[in-house]
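Architecture and fold: a report
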Amino acid sequence: PMPLVSTEAPDFEATAVMPDNTFKSDFKLSDFRGKYVAMLFYPLDFTFVCPSEIIAFDKMLEEFKSRKCEVIGVSTDSHFSHWAWKNTPVENGGIGNVQFPLVADFQKTISQDYGLLLEGGMALRGTFIIDKDGVVQSAMVNNLGLGRNISETLRTLDALQHLEEHGEVCPANWSKGDDAMTPTAEGVAKYLSDH
């Protein structure tokens with residue numbers, strides 16, 4: 001599949017389980033224009049690595065919201081499965097009442113559009129950071145057994161917002177509050193000599 005970075009994020013309309021456990025049958029990505037979106041695809045409900053990621057994103061949800069970023073989860077399960085998983089206690093293999101939407105990609109078209117669908121119908125672990133204009137700015141994809149680092153997703157979002165606000169590019173291992181670089185030969189030379 002073609003990489004999506006720097007292109008408009010494929011829109012979709014699907015059923016999602018909302019934070020209050022209601023079903024929203026016309027959930028659309030395009031409704032989030034004007035906000036940043038961190039969209040995470042995961043293989044399946046009621047598995048092993050997935051709950052650790054979903055719960056970790058939920059624990060950091062206020063960090064994302066403070067940056068005007070919405071978190072959206074997507075898997076190829078049905079909305080009924082999402083609802084059941086949310087309503088199963090963590091100690092029994094559930095995820096508890098996470099406070100971001102879980103989208104049902106039961107037809108597998110969303111995962112296909114994002115280049116994540118495997119033969120057999122499961123999706124890889126994909127994380128997409130989408131800017132306020134609906135453009136994909138970052139795409140990270142892990143294989144099924146490799147859990148992602150939620151702090152890295154947040155750091156990448158911080159880098160995007162720093163670039164937008166200051167016009168400075170963010171070097172290797174940059175974190176919020178660190179020095180960045182002006183995108184010129186002199187700016188890079190100065191940064192490298194200072195660090």
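Scroll up a little and you will see the structure.
Report on the accompanying structure.

About the criteria used
- Residues numbered from 1 in each chain as written.
- Predicted model: local features only at pLDDT ≥ 70, side-chain atom pairs only at ≥ 80, totals over all residues.
- Heavy atoms only, no water.
- Helix = DSSP H or I, 4+ residues; strand = E, 2+ residues; numbered from the N terminus.
- Rg over C-alpha atoms; globule rule 2.2 N^0.38 Å.
- Buried < 20%, exposed > 50% of the residue type's maximum accessible area, 1.4 Å probe, protein only.
- Contact = heavy atoms within 4.5 Å.
- Pairing = 2+ DSSP bridges.
- Axes fitted to C-alpha atoms, helices over the stretch in contact; angles between N-to-C directions.
- Arc of directions from axis to C-beta.
- Salt bridge = Lys/Arg side-chain N within 4 Å of Asp/Glu carboxyl O.

Turning to the overall build of the protein chain, a few remarks are in order. Check the secondary structure of the protein chain and you find 6 helices and 7 strands. The linear arrangement of helices and strands in the protein chain, starting from the amino end, is β-β-β-α-α-β-α-β-α-β-β-α-α. Against the 2.2 N^0.38 benchmark of 16 Å for 195 residues, the protein chain shows a C-alpha radius of gyration of 18 Å, consistent with a compact globule. Each of the 195 residues in the protein chain was classed as buried or not, and the buried ones make up 47%. Pairs at least 24 residues apart make up 63% of the contacts formed inside the protein chain by residues separated by at least 6 positions.

All right, on to the sheet that holds strand β6 (residues 125–130) then. Strand order in the open sheet formed by 7 strands is β2-β1-β5-β4-β3-β6-β7, and the pairing between neighbours is mixed. Pairing within the sheet leaves two strands with one partner each, and these edge strands are β2 (23–28) and β7 (136–142). In this sheet, neighbouring strand axes are inclined to one another by 30 degrees on average, regardless of whether the strands run parallel or antiparallel. Strand contacts of helix α1 (residues 49–59): β3 (36–41), β4 (69–75), β5 (102–104) and β6, with the helix running at about 20 degrees to β6, the strand carrying the most contacts.

Before going further, it helps to examine the environment of Lys176. Mapped onto the elements, Lys176 comes out in the loop between α5 (150–166) and α6 (185–194). Put simply, Lys176 and Gln161 are 15 residues apart on the chain and 9.7 Å apart in space, counted from C-alpha to C-alpha. Leaving out residues up to four positions away in the same chain, Lys176 has contacts with Arg67 and Asp158.

Let's shift gears to helix α3 (residues 79–86). If you check which residues of α3 are buried, you get His79, Ser81, His82, Trp85 and Lys86. Seen along its axis, α3 keeps its buried residues to an arc of 160 degrees; they face one direction.

This part takes up the pattern of salt bridges. Counted under the stated rule, the structure contains 11 salt bridges. As a salt-bridge pair, Glu8 and Arg33 come within 2.9 Å of each other at their nearest N and O atoms. Of this pair, Glu8 sits in the segment before β1 (13–17) while Arg33 sits in the loop between β2 and β3, placing them 25 residues apart in sequence. With a relative accessible area of 42%, Arg33 lands in the partly exposed category. In the salt-bridge network here, residues are joined through shared partners; they are Lys35, Lys65 and Glu70.

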